[in-house]
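Residue-level structure breakdown
For reference, the chains in residue letters:
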Amino acid sequence: MNSILTRRQILQRTACGFGALALQDIASAASNPLAARIPGMMPKAKRVIFLFMGGGPSQMDLFDPKPFIERKHGQKIDSPLRKEVTQIGTDQFLALKAMAPVRPRGQSGMIISDLMPHLATVADDICLLRGMNADNPQHAGATLQFHTGTFAEVRPSMGAWVSYGLGTENANLPSFVSIQGGGVREYGSAFLPAIHQGTKLTVPLDSKSLPVENLRNVSENDAIQRQRMDFMARMNRRLVGDLGGDANMEGMIQNMELAARMQLTTPAIVDISKESKATLDLYGVGGKDTNTFGRACLLARKLSEAGVRFVQVSIGGWDHHGDIRGNLPKLCSQTDQPVAALLKDLKSRGLLEDTLVLWSGEFGRTPWSQDLSGKSPIDKHGREHQPESFCSWMAGGGVKAGLTYGDTDDMGYRAINGKVHVHDLHATMLHLLGIDHLKLTSRHLGRDYRLTDVYGEVVKEILA
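Here the residue numbers are simple positions, counted from 1 along each chain's written sequence. Under the rules for a predicted model, residues below a pLDDT of 70 receive no local features and side-chain atom pairs below 80 are neither given nor counted, while totals for whole chains, interfaces and linings still include all residues. In computing side-chain properties, one takes all heavy atoms of the structure into account and sets aside hydrogens as well as water.

1. What about the side chain of T150?
A run of DSSP states H or I qualifies as a helix once it reaches four residues; a run of E qualifies as a strand once it reaches two. Both are numbered from the N-terminal end. Structurally, the position occupied by T150 is in the loop between α5 (139–148) and α6 (158–166). The class for T150 is buried, based on a relative accessible area of 12%. At 3.4 Å, the side chain of T150 and the backbone nitrogen of A152 are in polar contact. By the convention used here, residues are in contact when the closest approach between their heavy atoms is within 4.5 Å. Those residues in contact with T150 that sit more than four places away from it in its chain are L144, Q145 and R155. When a residue's accessible area, from a 1.4 Å probe over protein chains only, is under 20% of the maximum for its type it is buried; when over 50% it is exposed; and in between it is partly exposed. N or O atoms closer than or at 3.5 Å make up a polar contact, with two conditions inside protein: a donor-capable atom paired with an acceptor-capable one, and, for residues adjacent in sequence, both atoms drawn from side chains.

Encoded structure:
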């Protein structure tokens, strides 16, 4: 019998195999909730680095000074607040000028404070949003709204939504990592599968420390560890079969398998000791003020480069109700160099083009001063919370570089054009990732939920 196949027969048999391969890929994606997914639209960004400045950075001191307030420094100004919603006496509304000169930078002329000299050098790479707006004047509520889209209910964080929508680029790493994160609700997955919750990392301050507990493999060798994990997986899956299927158990199995893979690959990724001296110096690693946050930002770059879809880096301390003149420079000194270094490093590696960097607090601070003691001189005053308007910025990932979008009134209290609500910011971020925020939903308690709830518009004016 002639065993030689004709070209037509070879093509027929091979073509039949294509369908089987496609089905295999579909089945694999269905069984692996972190499998990389193709977004519904053409993405400009593949990943996000979110730099969260907890406490409310003062936009008036950093990005949005007002000549009216400068002229009225120390004098009483009319309160923009409705009298029925404030108990502050009219003598408390004293204009408070910027803590340092705030001047044009780069070819774009973007306004940035002298307190951020390093960020000033990359002004032409960022897109400054000066009309940001949120709904809650309290830290806890405003922080939750910025991270989850709501300040009242338990909802998935934006990193969890991105993981749910896109999966991971590296099967050996989680899709969402939170470095120095706050409460679990800021990086939690709520009703989404637990595999999408952010993996919380601390910042290793030496080569012996690891950012996750039990990350180091203590087994005799990798082969024995793999045998143990395979045995546990078989036993767990047998139990799942006996129970007729259990989503929580499946989630535990997937998390354990991911943890095992992380033990084999992550220690090398998070080890910054092998970075060049030039890179370490760029981020301020080893510096008196910049060491911790510099390490965090460098770790964020390494994780993003390795395929983590959403990296969140948090630092608190921006809540300056008193002595803002003495305290604001300290936070700027800790963060300015590492943040600018992150943008420069991403750009030099060709990563900024498809990495969206977001910098923001949960709200801003008032143009009038606040004196908690009632007796301090104005140079020791601070500022109150202000969700009505504040500044955030984005860079890379499809936003217009060097653009200042939005403006506030003469007092710097309300956005008068280019107003961007937190929901709009979330919708825009998802759009840049190739996701329609109206379609990224999860069924819970009888209805479909999404990050933007029933709100949100893509801010098309800032898209490149």
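2. Section: a nonpolar patch on the surface
A cluster of nonpolar side chains, F231, M232 and M235, forms an exposed patch at the surface whose accessible area comes to about 270 Å². With respect to the element layout, F231 can be found in helix α7 (residues 222–242). The class for F231 is partly exposed, based on a relative accessible area of 46%. Patch rule: a residue counts if its relative accessible area is over 30% and it has no salt bridge; like charges are joined within 9 Å, and nonpolar side chains (Val, Leu, Ile, Met, Phe, Trp, Tyr) within 5 Å. Using the Shrake-Rupley algorithm and a 1.4 Å probe, accessible areas are obtained, with residue cover drawn only from the displayed protein chains. Here a salt bridge means any side-chain nitrogen of Lys or Arg lying within 4 Å of a carboxyl oxygen belonging to Asp or Glu.

3. Topic: the environment of R37
Position of R37 relative to the elements: it lies in the loop between α1 (7–31) and β1 (47–53). In contact with R37, not counting residues within four places along its chain, are N32, S163, Y164, G165, L166 and G167. A distance of 3.0 Å separates a polar side-chain atom of R37 from the backbone oxygen of A35.

4. Topic: the pattern of salt bridges
Tallying each qualifying case throughout the model produces 26 salt bridges. The partner of E275 in a salt bridge is R301, and the shortest N-O contact between them spans 2.9 Å. Of this pair, E275 sits in the loop between α8 (247–270) and α9 (277–283) while R301 sits in helix α10 (residues 291–306), placing them 26 residues apart in sequence. Both residues of the pair, E275 and R301, belong to the buried class. The residue D453 makes a salt bridge to R447 at a minimum N-O spacing of 3.7 Å. By relative accessible area, which is 34% here, R447 ends up partly exposed.

5. Quick look at the pairing of strand β11 (residues 390–395)
When you tally the buried positions in β11, you get 6 out of 6 residues, the bulk of the element. Pairing between strand β4 (residues 126–133) and β11: 5 bridges, direction antiparallel. Looking at the pairing, L129 lines up with S392 of β11. In short, DSSP must find at least two bridges between two strands for them to pair. Both strand β8 (residues 355–360) and β11 contribute to a ladder of 3 bridges, which runs antiparallel. Bridge pairing in β11 places W359 opposite W393.

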